[in-house]
Structure formats: structure tokens, C-alpha cells
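What the coordinates show
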Amino acid sequence: MAALKHIVGSVAVITIRNPPVNALSPQVQVSLMEVLKDVTLDPSVKAIVLCGENGKFSGGADIRTFSKTDPKTDIKRMSLDDVNSVAERSRKPVVAAVEGVALGGGLELALACHYRIAHVKARVGLTEVLLGLLPGAGGTQRLPRLIGVPAALDMITTGKIVPAPVAVKLGIVDSVTEGSAVEEAIHLAQKVVGQPLESRRICSKPIQCPPNVDSLLNDAKVKLKKQFRGAESHQVCVEAIRAAVQLPFAEGIVKERELFLSLFNSDQAKACQYAFFAERSVAKWTTPSGANWKSASPQTIRTAAVIGLGTMGQGIAVSLAKAQIQVIAVEQDEQQLEKGSKAVTAILERETLKKQQFELAHKSDSFGSVTFTLDFNALKNADLVIEAVYENMALKKEIFQRLSSICKPGAFLCTNTSGLDIDEIASVTDRPHLVIGTHFFSPAHLMKLLEVVRGYHSSSTIISTVMNLSKVLNKVGVVVDNCPLFVGNRLLLPYINQAVFLLEDGRTPEEVDQVLEEFGYAMGPFRMSDLAGLDIGWRSRMEFGLTGPKLLPGAPVRQREGKRYSPLPDILCEEGRFGQKSGKGWYQYETVGGRNAARDPWVHNFLHEYRRAHAIKQKNVSQGEILEWCLYPLINEGFKVLEDGIASGPEDIDVIYNNGYGWPRHKGGPMFYASMIGLPRVLVKLEEFYKNNPDIPSLKPSNLLKALVKQGSPPLKEWRSQLGYPNSRL
Ligand SMILES: CCC/C=C/C(=O)SCCNC(=O)CCNC(=O)[C@H](O)C(C)(C)COP(=O)([O-])OP(=O)([O-])OC[C@H]1O[C@@H](n2cnc3c(N)ncnc32)[C@H](O)[C@@H]1OP(=O)([O-])[O-]
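In this numbering scheme, every chain counts its residues from 1 along its sequence in written order. It should be noted that, the model being predicted, local features are given only for residues of pLDDT at least 70 and side-chain atom pairs only at 80 or more, the latter also being counted only at that level, while totals for whole chains, interfaces and linings use all residues. Side-chain figures throughout are based on the complete set of non-hydrogen atoms in the structure, without hydrogens or water.

Describing the overall build of the protein
This is how the line gets drawn: Counting from the N terminus, the helices are DSSP H or I runs at least four residues long and the strands are E runs at least two residues long. As defined in this context, the radius of gyration uses C-alpha atoms, and a globule is described by 2.2 Å times the residue total to the power 0.38. Exposure categories follow from relative accessible area, calculated using a 1.4 Å probe and restricted to protein chains: below 20% of the type maximum is buried, above 50% is exposed, and the middle band is partly exposed. In what follows, a contact means two residues having at least one pair of non-hydrogen atoms within 4.5 Å. Note on areas: these come from Shrake-Rupley sampling with a 1.4 Å probe, and a residue is covered only by the protein chains present in the view.
The number of helices and strands found in the protein is 29 helices and 19 strands. On C-alpha atoms alone, the protein measures out to a radius of gyration of 28 Å, which is about the 27 Å that the 2.2 N^0.38 rule sets for 730 residues. The buried share of the protein, reckoned over its 730 residues, is 56%. The contacts of the protein with a sequence gap of at least 6 include a subset with a gap of at least 24, amounting to 73%. Carbon and sulfur atoms make up 54% of the accessible area of the protein, which amounts to about 31,000 Å² in all.

Structure representation (C-alpha cells):
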């Protein structure tokens, strides 16, 4: 039985049982229905309590069963909504005891109960929108009736999860307890036996609409369209709430169902659900020697140090402090220390305010303290050190050599680099097995991704410790192998290069950005480069002798070692145009550090002159071709990364892109996207591009892509097993 019953006095306690998160699979729903019917008919039962086994109410409908469900038959035959309806119509009071989580269908079930008691640490939310769906078991009709349209709109369209104290304040749950929610619920159930239930049935509540409800809903759609470009589910959620506003409950439920079915099994829903499971699968790393969570012993980090308080160091220090870790922040001179400490303090103040607003009156754990110092010796007691100075190998090596002698034995040494060789850095230390790359993304206190770069000697202890830390920091850690630029930036390079080549060939930054933003990227390549800072790539190209003083005399302006090269970004930097930080880059900004990108006539004029000076003929490129020209080389590099064994599977690449590079989640990630368009299409276009541009090596189709197409393009989940990775280093 997936729903168990036991009787306490006159109260029937029904326990949902489906480990690990008590997902409401079709089997659980059938079982719940049977038990509910049974206890409603049993004259000895006067009240009912619903709870979940192992301190978790329910993680919602069972996502794993979605791909096996035929929406035309299975959903209509039996739905969670029927279970909810039986609970709500029951003449005996039904109390939900919410512990752990009540998410998606789990919360929808709780909303159908007459009362809700939550444990103080429980979390609730209607998260379906993040899976490309809408709350299709009455959630879009009940929540607005319970907490009002504006608050329900916010929760349903963003999938926000709120802690129990906030849920009480919003009116989602009736009360919270620090003790057992089940005991409390039994107590309440006994107390309310015989009391009228009609006012407790949310379906009977009139909906309280603000006077401007139409414009509220319309404005929400515009805002969501901008925030989640191209994603359907957020828009459809608003329509379901509109139905709640305009229709009686029963008709609203019918409309909700119709809208739910329009999303169920859509490509976007498949992509979002794939992204969900991909994140879970990459969390289960293993090494070639077979080490994994089970065999490794992750260490708890209580004190961590950050070296360098530039933008990255600041964000990392804040991120650690937010996770209640004590931080020692080190800088090299007074001026940098003061600048860095002011910035960290300001961010922490903003974060504290946000936390207080979000958690309202609930007493929450405070942040870890941050100590600022110039004294390297202060690092001697740190459990883990993250070096975050700028990208200069000599400087990093000097720091790691010092760390070897200062840090306690067993302290973990991490380098925040976006592409330098981890093994070279580790080689100067006394403990290469305790050295690893931690590639954070800016702003590090907000961005979810942490690329964990395993060096040749990195032990399973350091991998597991840092993967554990990524969870503690509320980040998504992905273990990758050590190679120039690692995974994320390795794929980014051809994408950015292709975008810049388009400018040489006659397009503008605005045109290219628009195409990629319409595709769903939060920002096109030029707006993103301006945000990240054009000088970072410029410095690295100087280091590699592609531009600047190390460039060999006589090198052709638009070629490096026979390959096509565009000096446009270098010239911009030479002009002091570093992006937002200097108030101008590919766009102009209202101030230094401004965020609003505006078309810059200087850039247009400069591009015009450049094309004239180099006698470049303008090419006519359609919007579709701009997209393929930029994305397919990125995908191709993804296949090369797999071929080289740098990432363990396509899921790893997709998780990196969804969480660190603004890839639209409803498109699953670049590798999933390739599988959806069809690998033959990607291959044919790459072959065509490469034939016309033999001086761009990133257009040359990867062997793995060719092999997969030859094998009939198996589904993505079979790529690993079909081909194996003879070179896999992970
Ligand atoms: C029909 C009407 C409309 C309703 C629609 C819905 O309800 S849609 C659903 C709306 N619900 C949501 O959006 C909630 C989605 N879930 C979550 O947000 C989190 O999993 C969590 C907060 C519940 C637990 O976090 P945590 O860090 O403690 O743990 P973790 O994340 O590592 O997961 C542990 C294991 O459980 C698995 N699994 C989890 N949920 C489901 C599921 N619903 N189903 C199946 N499996 C699920 C997960 O894959 C993993 O399996 P593995 O890899 O061990 O084989």
C-alpha cells in the first residue's frame, strides 16, 4: 500500500509512503483514494490526518512517470484532482500535517484539506512551472482563493518555495509548530470534530480580486515574458489564474485541466524535466578509479579563507558567509583590503535585508562572520582556502607555494580560475591531492553553478568535500576534468568568436543579441560580454600572445596561425571600452557600471570603418542562420569535450549551461537541444559552414557527432552506453 492508515482514538492518520520524497505516483493516488474512501465511510472515524512518511509530506506528482503517461487516457482516467476533491468534500475534517516539503501536487493535496499544520522547518511551493507545467490538481484555482491573486500569482508563476513561517503569514498554512506536526494535527482534528466545514473548503471561498486584476495579470505576462524568454509555462499559469478570477470553481478546474494538458508532454516540459533529473544525476559524480559519494569521506568546512577581494573574491566570501561558514578574507594591500571589505559588507547587508524580508519574523540563523586581514598567517587554521586573484599563472603559483607552508596539514586548497591548468598550480604545493579548481560564476553569491575541476592528483576526499560544499552554498556543483578553459568556457569560446565574425560580416551587436535573446538566452553574446567585462578575455589573449606585446611581428590582422581571428574585441579594449565597468563596450551605458545597454553610434561607425578598411563584403544572413552559426559550433565543442572525456556525460554539459551561462532551461541545455533538433541537422549545417569557412576549425564536425549520426542518432540517454568513452578521464 502506498498510503497507510492507522487509527488514533477516532482520528484516522493516513501516511503517504513512496520514498524518497513520497511522490504522488498514479499508484499512490489510487491507494490514497481507496484509503480516503474507506475512512470516510468508517463510522468509528471522526476526523482524518494526512501526512507523509519519514518527515516529508510530499514532493509532488511523480515526475518519473510523466514520460510514460498518455495524457489522452491516463490523466483523464484518474487524476490527483479526484483525490483532492474527495478530501475536500469529506464531511469529516481533514487536516494536513506538513513536514519537510509539500511541493507541487503535494501542496495541492494539502490545499484540498480543511486545515494545514506545518512544522516550522517545512517548505511549501507550487513548483510545477519550473518543470514546464502548471499546478494541474486545483492549485491554480485554490491558492488565489486562499491567499489572494497577487500573492498566488507570484508563487505559481515563479515556482517560489517558501518556508513555513512565511506560509503562515501568507495564509497558506494555519499554524506552525516546532514539535511534531502530526501530533499537532491529530490534536486539532480531535478538537474540530463536528464543527461546520463549509468555510474551510477553499473551493467554496469567493475569490478576492483587486480592482485592477486584468491589468495585474496582463502586466505579469509582460514581465514574465521578459524574465523567462520564450518559456510557455509561465504564461499559461497566468491564464489558469485568470480562469480562477473569471469562472466559478468547477469551471475553473476544467479550464485548468485543459491548460495543463496543453503543456504536458510539450517539448518545453520535456526539456525542463530533463534538466531537473540531469541536475540530480551530475550530483552523483564518480572518478575513473570508481570513487564516489559512498567511498569518499567529505569533510565539513567550518572556516574558509578567500584570497583576493576583487569581484569574484567578494562574491565567494559572501556566499560562504551566507552558509554560516566563518570567513577569513585576505588582500595584499591596505587600499584593496578596504575597498574589498566595504563591498563585502555592503553585499552582506543587502543579503541580510533580503533574508529578513523573505523569512519575515521567523528567527533565522545569522551569517558567518567575515574577518578582513593583510596577514597571510591568519590562514593557518582555515579548513579550506579559495584563491581568487586574477588570472595569472605566476601569481597563482606564488600564492600556492606560500599556502603550502602556512596552511595546516589536511587543509584543502582551491583555485578560482576560469581556465588555467590546475595540475600546474598543484605542482608547486606539498599536497597536490588536496588541490582542486573551483570555478565560480559572477556574481558568485547569486550564480548557481560551481564547476569543480578535478586535477590529476585530486583525491576523492577533496572532490567530495567541495561537492558537499557546493550543496551547503546552495549551488549546483559539476565535476569536470582539467583542460584549458574547462567545460563551460571551452564551449563559450567558439560561440563568442562566431558572434564576433558576424559583426565583421555586416551584422550589428543589437541584431545578433536579439536573435539569441529571442531563442531564450537571458542576454545575447554582446550584452553578456559587456556585463562580464571585455578586459578579461583581452588579458588572457595577451597572455597567449594572440594580441598585445607578445604577438609575433608581422602576424596578419585577421589571422592567427592560419585560423580566422577577429581583432574587434581587442581594439575595443585598446579604446578603454571594457563593457559596463567602463560605461561603454559593445553598447553604451548611462554611467560607469550602468546596466542599461543602449545602441552606441560609435560602435556602428567603428564597425563600418573596419569593414571598409579590410574590404569585407557584407553577407546576408537570416535570423535562423545567425542562430545556427552561433549555437552549432558551441554544441560541436560539447561533443569534442565528451570525446576528450572532460565531462562525464551530456547531462554535465547541460547542467553547466543551464546554471552558469544563461541557457534557457526550457530548452534543456545545448546537448539536449541538439538531440531535439536532430543530430543529422546539426551535422549537415556544420559540414556546410566548415566547407565555406575552412579557416574556422571549431566548425569541423566532431567525430563523436559523426559517429552518433552514423548509428542512427540514438536518444541522449544512450550516448554514453552506445559509444563508451575510451578516453574518459572522469
Ligand atoms: C498532476 C498534477 C500536477 C502536479 C504536478 C507536480 O506535482 S510536478 C512535481 C512538483 N514537485 C517538484 O517540483 C519538486 C521536485 N523535487 C524537489 O524539488 C526536490 O527533489 C526535493 C526538495 C523534494 C528534495 O530535495 P533533496 O535535495 O532532498 O533531494 P533530491 O532533489 O536529490 O531528490 C531525491 C530523489 O527524489 C527524486 N525526486 C524528487 N522529487 C521527485 C518527484 N516529484 N517525482 C519523482 N522523483 C522525485 C529525485 O529525482 C531524487 O532521485 P534519485 O536521484 O535519488 O534517484
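A short note on the side chain of Thr-177
Summarising the element assignment, Thr-177 is placed in strand E9 (residues 175-177). For Thr-177, the contacting residues outside a window of four places in its chain are Ile-117, Ala-118, His-119, Val-120 and Glu-184.

Quick word on the layout of surface pockets
Applicable threshold: Think of a 1 Å grid over the protein atoms and nothing else: a 1.4 Å probe that fits but is trapped marks a cavity, an open set flanked by protein within 12 Å on at least five of seven lines marks a pocket, and residues with an atom within 4 Å of a point count as lining. Grid points are joined across faces, edges and corners, and a volume is the space filled by probe spheres set on the points.
Empty space within the second largest pocket amounts to approximately 660 Å³. Lining the second largest pocket are 22 residues, with Ser-67, Lys-270, Tyr-274, Phe-672 and Lys-717 sitting closest to its centre. Looking at the lining of the second largest pocket, the element that brings in the most residues is helix H12 (residues 267-282), giving 7 residues.

What about the packing of helix H5 (residues 139-147) against helix H11 (residues 249-263)?
We count it as follows: Between the N-to-C directions of two axes lies an angle of 0 to 180 degrees, each axis being a line fitted to C-alpha atoms and, for a helix, fitted only over the stretch in contact. Here the word oblique covers every angle except those under 35 degrees (roughly parallel), over 145 (roughly antiparallel) and from 65 to 115 (roughly perpendicular). Note on residue classes: Ala, Val, Leu, Ile, Met, Phe, Trp, Tyr, Cys and Pro are nonpolar, Asp, Glu, Lys and Arg are charged, and everything else, Gly too, is polar.
Put simply, H5 and H11 touch, their axes get as near as 8 Å, and they point 135 degrees apart. As summarised for this structure, H5 and H11 are arranged oblique, according to the angle between their axes. Contacts between H5 and H11 pair Gly-139, Thr-140, Gln-141, Arg-142 and Arg-145 from the former with Phe-249, Gly-252, Ile-253 and Glu-256 from the latter. The class makeup of the residues in the contact of H5 with H11 is 2 nonpolar, 4 polar and 3 charged.

Some thoughts on the packing of aromatic side chains
Our working rule: Two rings belonging to Phe, Tyr or Trp (six-membered ring only in the last case) form a pair when the distance between their centres is within 6.5 Å. Interplanar angles under 30 degrees mark stacking, angles over 60 mark edge-to-face geometry, and anything in between is tilted. Any Lys NZ or Arg CZ found within 6 Å of a ring centre and within 35 degrees of that ring's normal is scored as a charge over the ring.
Overall, the coordinates contain 19 aromatic pairs when judged by the stated rule. Centre to centre, the rings of Phe-526 and Trp-586 are 4.9 Å apart; their planes meet at 70 degrees, and the pair counts as edge-to-face. Residue Phe-526 is found in helix H20 (residues 525-532), and its partner Trp-586 is found in the loop between helix H22 (568-574) and helix H23 (601-613); the two are separated by 60 residues along the sequence. Given a relative accessible area of 2%, Phe-526 falls into the buried group. Classification of Trp-586 as buried rests on a relative accessible area of 2%. Following the ring pairs from residue to residue traces out a cluster consisting of Tyr-495, Phe-519, Tyr-521, Trp-663 and Tyr-673. We note Arg-564 situated over the ring of Phe-501; from NZ or CZ to the ring centre the distance is 4.2 Å. Positioned over the ring face of Phe-519 is Lys-667, at 4.4 Å from the centre of the ring.

Here's the deal with the packing of helix H6 (residues 149-158) against helix H10 (residues 232-246)
The cut-off we apply is this: Crossing handedness is defined as follows: a turn of the near helix away from the far one that is anticlockwise and smaller than a right angle gives a left-handed crossing, while the clockwise case is right-handed.
H10 packs onto H6 with a crossing angle of 150 degrees between their chain directions and a minimal axis gap of 9 Å. By the criterion of interaxial angle, the relationship of H6 to H10 is roughly antiparallel. Between H6 and H10 the crossing geometry is right-handed. Residues Val-149, Ala-152, Leu-153, Ile-156 and Thr-157 of H6 form the contact with H10, whose participating residues are His-234, Cys-237, Val-238, Ile-241 and Val-245. Its residues placed into classes, the contact of H6 with H10 shows 8 nonpolar, 2 polar and no charged.

Examining the sheet that holds strand E7 (residues 123-125)
Note the following rule: For two strands to count as paired, DSSP must find a minimum of two bridges between them.
Pairing in this open sheet of 3 strands is mixed, and the strands run E5-E7-E8 from one edge to the other. Of all strands in the sheet, those bounded by a partner on one side alone are strand E5 (101-103) and strand E8 (162-163). Sheet topology places E7 next to E8; 2 bridges connect them, and they run antiparallel. From the neighbouring strand, Val-124 faces E8, where its bridge partner is Val-162. Contacting E5 and E7, helix H4 (residues 105-112) runs over the sheet at an angle of about 95 degrees to E5.

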